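Letter by letter, the chains look like this.
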Amino acid sequence: MYSADKPIRTCDEDLLCRSDFAHQLAEAIVKLSSTDTFVVGLYGEWGSGKTSVLNLTEEVIGNISGKDNNPKVTLIRFNPWGYTDGTQLV
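Residues numbered from 1 in each chain as written. Predicted model: local features only at pLDDT ≥ 70, side-chain atom pairs only at ≥ 80, totals over all residues. Heavy atoms only, no water.

Caption draft 1: Representation of the packing of aromatic side chains. Throughout the structure, instances matching the rule amount to one aromatic pair. Taking 5.7 Å as the distance between ring centres and 10 degrees as the angle between the ring planes, the aromatic pair formed by Phe78 and Tyr83 counts as stacked. With relative accessibility at 52%, the residue Phe78 sits in the exposed group. Note on Tyr83: relative accessible area 37%, which makes it partly exposed. (Phe/Tyr/Trp six-rings, centres within 6.5 Å; stacked < 30°, edge-to-face > 60°. Buried < 20%, exposed > 50% of the residue type's maximum accessible area, 1.4 Å probe, protein only.)

Caption draft 2: Quick look at the pattern of salt bridges. Scanning the entire structure with this criterion turns up three salt bridges. One salt bridge connects Asp14 with Arg18, and the closest N-O pair in it is separated by 3.8 Å. Residue Asp14 shares its accessibility class with Arg18, and that shared class is buried. We note a salt bridge from Glu58 to Arg77, for which the minimum N-O separation is 2.9 Å. You can see Glu58 sitting in helix α2 (residues 50-68) and its partner Arg77 sitting in the segment after α2, a full 19 residues away along the chain. Judged by relative accessible area, which is 45%, Arg77 ranks as partly exposed. (Salt bridge = Lys/Arg side-chain N within 4 Å of Asp/Glu carboxyl O. Helix = DSSP H or I, 4+ residues; strand = E, 2+ residues; numbered from the N terminus.)

None of the figures reported here should be taken as evidence of function without further support.
So this is what it looks like as structure tokens:
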């Protein structure tokens, strides 16, 4: 069934081959040798599949971390639409 507004959650649902990009992104994040914190932003137009790619990337990172027992990566989802000003972030 086609739903233009519902992101996919797993690589099994990926009909547009976005999981290849998600795998590459996840591996780059996990293999980063820096001990500094960093932020990954994904930009694109409304409906272009950003949330789907994030879901796939999160799935792959979970799979990689689970295999390697790697607690190095901590994922935090941030939705800026839930805040009206900076004081609410604290």
